[in-house]
Amino acid sequence: MNGIQDALEAALRHRRDADELLLIADETAAAQLRWAGNALTTNGSVRARRVTAVALRQGAAGMHVGLVSHGGALGDALPDLVRAAERAARDAPPAADAASLPAPWQTPCWAEPPGGTSVDAFRDVLPGLRDAFAAAGQRQLYGYTEHRVVTTYLAASTGARLRHLQSGGLFDLSLRDGADASAWAGVTAPDLSELDAAALTGELSATLGRPGRRVELPPGRYEVLLTPSCVADLMLHLYLAAGARGALDGRTVFSRPDGRLPIGERLTPLPLTLRSDPDDPLLPCAPFTVSRGTDDLTTVVDNGLPLRPTRWIDEGMLAALVQTRHTAAQTGAPLTPMVDNLVLEGGPDAPSLPEMVRCTRRGLLLTSLWYLRDVDPASLLLTGLTRDGVHLVEDGEIVGTVHNFRFNESPLSLLARATEVGRPVPALPREWGDYFTRMVMPPLRVPDFLMSAVSPAT
């Protein structure tokens, strides 16, 4: 073992006024490059540490939970953190969802050191980026790339000793031509060794160089093709609203007047399946629950729960909501904790996005979405903006570009109205790319997407 594990073991021995104690240590190493106007502007790497302590104390009226976290050094700081968590538990009212920690288990990699990264992670990206700058000409490239490695250690007084290393890379690229013509692409992968930045820039350049006209269209309902990135942002909003706790409290689109959960209801006529799997080969993620706070989706007392493949929507039917141990006991439903990846698929023989374009008589191809905000949680109504490319499709060809729109839509309603699902591919959500990147999404065709206003944004 090394310093982190030894420090956590020592801190657990400082438990005095808690029946159970849990410690989570996150070691983060990250490297970034940023560019603007066809030139690198910043680069660097950082390391950070954050430790979270959860103290559980049984009282006469129930279980009390104390939560404290801090960043920085280990050593003498950890006993103080443990004492602060125990004081917080003494002062806290009984927690309705509190319970003893899950049954302990251990991962075989517990004793391994934390992972690391540096700007060397971009050695295969830089030649292509240099070529992209040279080929851009009068057009301007903007964007950034990041490689992040987070090693999480979870140790509990019950005997749990868990470790997970999460590696992730993303590449965000915008190409601008003048004041109001732009194109965007985003890529996510555990590492970026196979990324061809010059080829990606060439695709964006071809998009901007496509012959066509500038079209002004009024607000209204349009048939749209949503790229996988657009679908990723929308489905993530759906996933984050799918907690059983919020549904039982009557606060979400999944709430019902009689208090039941809508498991088994049909959400879409398409054979769509929305699923998560910690062992997905494209999207590996932590095989156990890591919760640094309690909300509608997770609770700190569930830290260390083993995770398994879960279908949230199965062939168009709602199969599960995100359940903690507390809500699963309330509802009698299976325990289905949140998993840190998401896949949407619609069955075999799905068309590619270009094939869907060729089958479009008239519609709009949306490249990416931005500034999504909740309007009505009861219907999951969102508002947001299109960004970096709205293209007019007529008779199977892209014939022009359109200004940006503000839209009002619900991801759940979109699934119910969608008429075609395409081939799923790894997708980076444009707005959520710094939070949730492990997604595989298809393009979707929606016949009556509501563009509520023309946006002046460029």
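Residues numbered from 1 in each chain as written. Predicted model: local features only at pLDDT ≥ 70, side-chain atom pairs only at ≥ 80, totals over all residues. Heavy atoms only, no water.

1. Here's the deal with the sheet that holds strand β19 (residues 439–441)
Put simply, the test is: The criterion for strand pairing is that DSSP finds at least two bridges linking the strands in question. Segments assigned H or I by DSSP are reported as helices when at least four residues long, segments assigned E as strands when at least two residues long, and all are numbered from the N terminus. We call two residues in contact whenever any of their non-hydrogen atoms come within 4.5 Å of each other. For every element, the axis is a line fit to its C-alpha atoms; helices are fit only across the contacting stretch, and the angle between N-to-C directions ranges from 0 to 180 degrees.
Spatial ordering of the open sheet is given by β11-β10-β9-β12-β19-β18, a layout of six strands whose pairing is mixed. Looking along the sheet, the strands with just one partner apiece sit at the ends: β11 (317–318) and β18 (425–426). Pairing of strand β9 (residues 273–276) with strand β10 (residues 310–314) involves three bridges; the strand directions are antiparallel. Paired with R275 across the bridge in β10 is R311. Of the strands in this sheet, β9, β10, β12 (342–345), β18 and β19 touch helix α5 (residues 228–240), which is tilted by about 120° from β19.

2. A word on the sheet that holds strand β4 (residues 140–156)
Read from one edge to the other, the open sheet built from six strands follows the order β3-β2-β1-β4-β5-β6, with strand pairing classed as antiparallel. Strands with a single pairing partner mark the edges of an open sheet, and in this sheet they are β3 (62–71) and β6 (182–189). Sheet twist, expressed as the mean angle between neighbouring strand axes with direction ignored, is 15°. Sheet analysis places strand β5 (residues 161–176) next to β6, joined by eight bridges and oriented antiparallel. If you follow L170 over to β6, its bridge partner there is T188. Docked against the sheet, helix α3 (residues 126–136) engages β1 (20–36), β2 (39–59), β4 and β5, running at close to 130° with respect to β2.

3. Here's the deal with the nonpolar core
Under the convention used in this document: Note on terminology: a nonpolar core comprises buried Ala, Val, Leu, Ile, Met, Phe, Trp, Tyr and Cys residues joined through side-chain atoms within 4.5 Å. The classification of residues rests on relative accessible area computed with a 1.4 Å probe and restricted to protein chains. Under 20% of the type maximum is buried, over 50% is exposed, and intermediate values are partly exposed.
Of all hydrophobic cores here, the largest spans 63 residues; its most connected members are L226, L364, L366 and M441. Sort the elements by how many residues they give to this core and α5 lands first, with eight residues. Contacts of M441, omitting those with residues within four sequence positions, involve P228, V231, A232, M235, L274, L342, V343, L344, R423, P424, V425 and A427. Of all hydrophobic cores here, the second largest spans 21 residues; its members include L8, A55, L81 and Y153.

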